[in-house]
Amino acid sequence: MKKFPIIFTGAGPGAPDLITVRGMKALEGADYILYAGSLVPEAVLTWAGDRAKKASSAGMHLDEMVDAMADAWDKGLKVVRLHTGDPSLYGAIAEQMMLLEQRKIPYEVIPGVTAAFAAAAALKVEYTVPEQSQTLIFTRMSGRTPVPEKESLESLAAHKASMAIYLSAGMAEQVQNILAATYGPEAPVAIAYRVSHPEERIIVTIVDRLAATMADNGINRLALIIVGPFLEMGKNAKSLLYDRAFAHGYRDRA
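Residues numbered from 1 in each chain as written. Predicted model: local features only at pLDDT ≥ 70, side-chain atom pairs only at ≥ 80, totals over all residues. Heavy atoms only, no water.

With that out of the way, let us pick up the overall build of the chain. Scanning the chain from terminus to terminus reveals eight helices and ten strands. For the chain, the C-alpha atoms occupy an extent of roughly 60 × 50 × 35 Å along the three principal directions. Going through the 254 residues of the chain one by one, you find that 47% of them count as buried. Considering only intrachain contacts with a sequence separation of at least 6, the fraction spanning at least 24 residues in the chain is 67%. Accessible area for the chain stands at about 13700 Å²; split by element, carbon and sulfur atoms hold 52% of it. Looking at the chain, you have 26 positive and 28 negative side-chain charges, and the mean spots of the two groups are 5 Å apart. (Helix = DSSP H or I, 4+ residues; strand = E, 2+ residues; numbered from the N terminus. Buried < 20%, exposed > 50% of the residue type's maximum accessible area, 1.4 Å probe, protein only. Contact = heavy atoms within 4.5 Å. Areas by Shrake-Rupley, 256 points an atom, 1.4 Å probe, with all protein chains shown as cover. Lys, Arg positive; Asp, Glu negative; His and termini not counted. Charge placed at Lys NZ, Arg CZ, Asp CG, Glu CD.)

If you want it as structure tokens, here you go:
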């Protein structure tokens, strides 16, 4: 019996057409799809073929997920494990892959589009602003899942780089206090709620109004908090790359 590697793939931020072509083809060819039902919208599953059996992992613990994938793989089925966004970012795939390796079950990973990039597209901004910020930090507040002390939001925010804060909408007041002390209370901040979903809301406010704005809009989950120089200065900045006086391997100076 021929057996196929289990495929981990990212569903993208929510909109069905923001999945990668490779991820879409994996769904089209799948016999069994185990998807993160608490986060992956049903609309993404429209890419699945008619024969595919679909199961939500929302109520499963780790061993149940791996058992379900291993059982389907053992039957010769093409198995897809569908995560939200990009599976390598807050996807908890490392532990699943480790257990598959212990069972000598092969797997592959297909990247996806994470919500921070869909949010930048909705905001029409560039995170890496020349001479302002060339660094983008993905992070989260410490909660039920702890964050290493060296990666606390306070220490990362001190860099004043562009920052996308995941999984922290329920701690908006704490985030606000930290950002006010680093970026300043009047610094612009964006709230990207369910970005690329039909319910998407993108709200730009100032740090001092972050918690109140989220409360006023009933947002306490499924939202990114985005901060950095790009929100204020990005559209007035110019890169060297396209400057007429900047030569490189494909273009001489004008």
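On to the sheet that holds strand 1 (residues 6-10), then. Pairing in this open sheet of five strands is parallel, and the strands run 3-2-4-1-5 from one edge to the other. Only two strands of the sheet have a single partner each, and these edge strands are strand 3 (53-56) and strand 5 (107-110). Ignoring which end each strand starts from, the neighbouring axes of this sheet average 20 degrees apart. The sheet contact formed by strand 2 (residues 32-35) and strand 4 (residues 79-83) spans four bridges and is parallel. Across the sheet, Y35 pairs through a bridge with L82, a residue of strand 4. Sitting on the sheet, helix 2 (residues 62-74) touches strand 1, strand 2 and strand 4, and the angle it makes with strand 4 is about 150 degrees. (Pairing = 2+ DSSP bridges. Axes fitted to C-alpha atoms, helices over the stretch in contact; angles between N-to-C directions.)

In this section: the sheet that holds strand 10 (residues 223-227). The five strands lie next to each other as 6-7-10-8-9, forming an open sheet whose pairing is mixed. This sheet does not close on itself; its edge strands, each paired only once, are strand 6 (136-140) and strand 9 (201-206). Across the sheet, the mean angle from the axis of one strand to that of its neighbour is 20 degrees, orientation sign disregarded. Strand direction decides the pairing type here: strand 6 and strand 7 (residues 162-166), joined by five bridges, are parallel. Across the sheet, L136 pairs through a bridge with S162, a residue of strand 7. Contacts from helix 4 (residues 115-123) reach strand 6, strand 7, strand 8 (188-193), strand 9 and strand 10, with the element oriented near 65 degrees to strand 10. Where helix 6 (residues 172-182) meets the sheet, it contacts strand 7, strand 8 and strand 10, and its direction lies at approximately 10 degrees from that of strand 10.

Our next topic: the packing of helix 2 against helix 3 (residues 93-102). Running from N to C, helix 2 and helix 3 cross one another at 50 degrees; their axes reach a closest spacing of 10 Å. Between helix 2 and helix 3, the angle falls in the class oblique. The interaxial crossing formed by helix 2 with helix 3 has right-handed handedness. For the pair formed by helix 2 and helix 3, the contact residues are L62, D63, V66 and M69 on the first element and E95, Q96, L99 and L100 on the second. Residues of the contact of helix 2 with helix 3, tallied by class, amount to five nonpolar, one polar and two charged. (Parallel < 35°, antiparallel > 145°, perpendicular 65-115°, else oblique. Left-handed = near helix turned anticlockwise from the far one by under 90°. Nonpolar A, V, L, I, M, F, W, Y, C, P; charged D, E, K, R; others polar.)

For helix 6, the complete set of buried residues consists of A172, V175, Q176, I178, L179 and T182. Buried residues along helix 6 sit against helix 5 (153-157), strand 7, strand 8, helix 7 (210-216) and strand 10. Of the residues flanking the end of helix 6, it is G184, one or two places downstream, whose phi is positive at about 105 degrees.

We now examine the UniProt feature "domain: Tetrapyrrole methylase" (unreviewed entry) in the chain. Under the feature "domain: Tetrapyrrole methylase" (unreviewed entry), the UniProt entry names residues 6-208. Annotation note: span residues 6-208, helix share 28%, strand share 22%, distance between end C-alpha atoms 46 Å. (UniProt positions renumbered as here; feature names shortened; annotations may be inferred.)

A few words now on unusual backbone geometry. Even without glycine at this site, E131 takes up a positive phi of about 65 degrees. With respect to the element layout, E131 can be found in the loop between helix 4 and strand 6. The backbone of S196 shows a phi angle near 75 degrees, a positive value even though the residue is not glycine. Checked against the element boundaries, S196 lands in the loop between strand 8 and strand 9.

Quick look at the side chain of S133 now. In this fold, S133 is placed in the loop between helix 4 and strand 6. Residue classification places S133 among the buried residues on the basis of a relative accessible area of 5%. Within the structure, the side chain of S133 is placed 3.0 Å from the backbone oxygen of T135, a separation counted as a polar contact. Setting aside chain neighbours within four positions, we find S133 in contact with Y127, T128, A161, S162 and P229. (Polar contact = N/O pair within 3.5 Å; in protein donor to acceptor, adjacent residues only side chain to side chain.)

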